[in-house]
There are 2 protein chains.
Amino acid sequence: MKNILIVDDDSELRVNLSEILSKKGYHTDEASTGIEAIDKATAKKFDVMLLDLMMPKMSGMDALAEIRKRSPGTKVIMLTAFATVDNAVKAIKKGASDYISKPFKIEDLDAIIRRALEESRFEEGIKKLDMDFTLSSLTNSIRRKVIKLLHQNRGLHLMEITKALDIEDHTKVVFHLKNLKESGIIEQDKEKSYFLTKEGEKTLECMKILENYLSR
Amino acid sequence: MKNILIVDDDSELRVNLSEILSKKGYHTDEASTGIEAIDKATAKKFDVMLLDLMMPKMSGMDALAEIRKRSPGTKVIMLTAFATVDNAVKAIKKGASDYISKPFKIEDLDAIIRRALEESRFEEGIKKLDMDFTLSSLTNSIRRKVIKLLHQNRGLHLMEITKALDIEDHTKVVFHLKNLKESGIIEQDKEKSYFLTKEGEKTLECMKILENYLSR
DNA sequence: GTGTTTTGTGAAGAAAAATTCACAGATCGA
DNA sequence: TCGATCTGTGAATTTTTCTTCACAAAACAC
């Protein structure tokens, strides 16, 4: 069950929200100040925190900064009675997941919570298998070159690839082609010429993104 | 001199803005559509892009996504005639640096541009990463987990990491930590606790990009 | 101090990845 | 048909990567 911490100085709102979210299947806790929120979040792992922007003593914005530092895994959704673009921009840049103005429809809030949970699920890294496969294709520089080559000229024969890469032993190329074939990155037509699959194009795209990112 | 690309379908605004910013000491270019912006940004490196949200054909939001992918170094500031909290949240989450509504005072825009440049100056300090190095760090799933872990909680000790990853033999973890240290992805302070370097954060960013891409 | 936990080293071995080589069927051009 | 080239297999070997283990200094707990 997912843990949600509700942080607001308005106790009525806290209790109401708590009840509604419990019915929706979440486990909820409450805090009435920024300090209390920080303490509770430090002591226990929350998946999501609903954080009021306007609170006496410590503002929600300051609390947000501290919480992002101490509990980076917790997704923070900001609540506010007076939504402004400026504050929204600031909050998101400080690491909030979303920003919703009070009063809100409970369905809207629920949708936002779901989205935040989706993000954290994503960050946990469920897509490990694909990742391993793709990365192990990309780690080898010969394979990277093959992928690029086949993207540039679709449908090359073994010896054409071998010569293009300036490799003496063609069986070395065969080894990597086999590897790429097994990963579903390339295929062969009946004329024995190799070409990228859809997956292959996607892998190439990954490579480009990485190169782009790394070359800065 | 810093390069700024002004993207808006309103040519009057482009010309005005271009003139004002030139006087302020920036070098400016113009684009009237999202497609043109993407092309220009791909061809030449811009430090900052001013991107209108509402444009015919490709929306600024879609252009933003594409530009973040292709030119991750360029800071994007969104302009819009109708500022809404929702759009601001969306834009910032997609990687925009800021969000300003038209009409704006030129001093405000200048302040925002300066802030964006400040951000990129900070990011410039990061060393370029080598593809082979980065990929070989990422291929191993233990190392990937360590990177994620150290991103979430900055400054962990050996045994904390070992327990968090649920590994019996701590020397196995030592092996991978050493590897990461040699690649410049993590460092250790005098209290022996490990944390990500700037390059490490960047590597994590790569990982996220890949995951993001692969999970679609 | 004395035992315990933490943080590591370095060597040995296992496992995985990559290379090299001997060989062979298929195909192509004459 | 005959030699040459292309395409590939499978086994042996090397190289790289990862794991395991024995051991030890340093910090910490009592």
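All values derive from a computational prediction rather than experimental measurement. (Residues numbered from 1 in each chain as written. Chains lettered and ligands numbered in written order. Predicted model: local features only at pLDDT ≥ 70, side-chain atom pairs only at ≥ 80, totals over all residues. Heavy atoms only, no water.)

## A short note on the overall build of chain A
Along the backbone of chain A there are ten helices and seven strands. By the compact-globule yardstick of 17 Å for 216 residues, chain A is too spread out, its C-alpha radius of gyration being 26 Å. By principal-axis analysis of the C-alpha atoms, chain A measures approximately 75 × 35 × 30 Å. A fraction of 57% describes how many contacts in chain A between residues 6 or more apart in sequence connect residues 24 or more apart. (Helix = DSSP H or I, 4+ residues; strand = E, 2+ residues; numbered from the N terminus. Rg over C-alpha atoms; globule rule 2.2 N^0.38 Å. Contact = heavy atoms within 4.5 Å.)

## Quick notes on the environment of B:Met54
Along the chain, B:Met54 falls in the loop between β3 (48-52) and α3 (60-70). Between the C-alpha atoms of B:Met54 and B:Gly34, which are 20 residues apart in sequence, the distance is 10.0 Å.

## Considerations on the protein's contact with DNA strand C
In the region of DNA strand C, 19 residues are neighbours, and A:Asn140, A:Thr171, A:His176, B:Met159 and B:Tyr194 sit closest. In the environment of DNA strand C, a base nitrogen lies 2.9 Å from a nitrogen or oxygen atom belonging to the side chain of B:His170. Residue assignment for the surface near DNA strand C shows that the elements contributing at least two residues are α7 (141-152) and α9 (170-182) of chain A together with α8 (158-164) and α9 (170-182) of chain B. In terms of residue class, the surface near DNA strand C is made up of six nonpolar, seven polar and six charged. (Near = heavy atom within 4 Å. Polar contact = N/O pair within 3.5 Å; in protein donor to acceptor, adjacent residues only side chain to side chain. Nonpolar A, V, L, I, M, F, W, Y, C, P; charged D, E, K, R; others polar.)

## Let's talk about α3(B)
All names here are of chain B. If you check which residues of α3 are buried, you get Gly60, Met61, Ala63, Leu64 and Ile67. Seen from one end, α3 has its buried residues packed into an arc of 155°, which puts them on one side. Lining the buried residues of α3 we find α2 (34-43), β3, β4 (75-80) and α4 (85-93). (Buried < 20%, exposed > 50% of the residue type's maximum accessible area, 1.4 Å probe, protein only. Arc of directions from axis to C-beta.)

## A short note on the domain arrangement of chain A
Partitioning chain A into structural domains gives domain 1 (3-124) and domain 2 (129-214). Its C-alpha centre places domain 1 of chain A at a distance of 46 Å from the equivalent point of domain 2 of chain A. (Domains from an automatic or database assignment.)

## Some points on the pairing of strand β1 (residues 3-7) of chain B
All names here are of chain B. Burial within β1 is extensive, with five of its five residues counted as buried. As judged from the five bridges shared by β1 and strand β2 (residues 27-31), these two strands associate in the parallel manner. If you follow Ile4 over to β2, its bridge partner there is Thr28. This β-α-β element, β1 to helix α1 (residues 11-23) to β2, shows right-handed connectivity. Judged from the four bridges that link them, β1 and β3 form a sheet pairing that is parallel. In the sheet register, Ile6 faces β3, and the bridge partner there is Leu50. (Pairing = 2+ DSSP bridges. Right-handed = clockwise from strand over helix to strand, strands pointing away.)

## Some words on the sheet that holds β1(B)
All names here are of chain B. Spatially, five strands are ordered β2-β1-β3-β4-β5 in an open sheet, and the strand pairing comes out parallel. Either end of the sheet is taken by a strand with one partner, and the two such strands are β2 and β5 (98-101). If you compare each strand with its neighbour and ignore which way they point, the axes differ by 20° on average. Running over the sheet, α3 touches β3 and β4 and is turned about 155° from β3. (Axes fitted to C-alpha atoms, helices over the stretch in contact; angles between N-to-C directions.)

## Considering the protein's contact with DNA strand D
Surveying the vicinity of DNA strand D reveals 19 residues, the closest of which are A:His157, A:Gln188, A:Tyr194, B:Thr171 and B:His176. Sugar and phosphate atoms represent 50% of those atoms of DNA strand D found within 4 Å of the protein. In this structure, a phosphate oxygen belonging to DNA strand D sits 2.9 Å away from a side-chain N or O atom of A:His157. B:Arg143 places a side-chain nitrogen or oxygen 3.1 Å from a phosphate oxygen of DNA strand D. Counting residues per element, the ones that place at least two in the surface near DNA strand D are α8 (158-164) and α9 of chain A together with α7 (141-152) and α9 of chain B. Here the surface near DNA strand D is composed, by residue class, of six nonpolar, seven polar and six charged.

## Quick notes on the packing of α7(B) against α9(B)
All names here are of chain B. Direction vectors running N to C along α7 and α9 enclose 75°, while the axes themselves pass 10 Å from each other. One element, α7, and the other, α9, form an angle in the roughly perpendicular class. Every residue of α9 that contacts α7 at Ile142, Arg143, Val146 and Ile147 is listed here: Lys172, His176, Leu177, Asn179 and Leu180. (Parallel < 35°, antiparallel > 145°, perpendicular 65-115°, else oblique.)

## Digging into the nonpolar core
Counting residues in hydrophobic clusters, the biggest one holds 48 residues, and the most contacted among them are A:Met49, A:Leu51, A:Met78, B:Leu51 and B:Met78. Sequence-distant contacts of A:Leu51, that is, excluding residues within four places in its chain, are made with A:Val7, A:Gly60, A:Ala63, A:Leu64, A:Ile67, A:Val76, A:Ile77, A:Met78 and A:Leu79. Counting 46 residues, the second-largest nonpolar core is a separate cluster that includes A:Leu180, B:Leu138, B:Leu177 and B:Leu180. (Core = buried A, V, L, I, M, F, W, Y, C linked by side-chain atoms within 4.5 Å.)

## Some remarks on the side chain of B:Asp8
Residue and element names in this part refer to chain B. With respect to the secondary-structure elements, Asp8 resides in the loop between β1 and α1. There is a polar contact of 3.0 Å between the side chain of Asp8 and the side chain of Lys102. Sequence-distant contacts of Asp8, defined by excluding residues within four places in its chain, comprise Leu13, Arg14, Ala31, Ser32, Asp52, Met55 and Lys102.

## Side note on the sheet that holds strand β3 (residues 48-52) of chain A
All names here are of chain A. Strand order in the open sheet formed by five strands is β2-β1-β3-β4-β5, with parallel pairing between adjacent strands. Sheet topology places β2 (27-31) and β5 (98-101) at the edges, where each strand pairs with a single neighbour. Strand-to-strand twist across the sheet, computed as the mean angle between neighbouring axes with direction ignored, equals 20°. Across the sheet, helix α1 (residues 11-23) lies against β1 (3-7), β2 and β3, angled at about 170° from β2, the strand it touches most.

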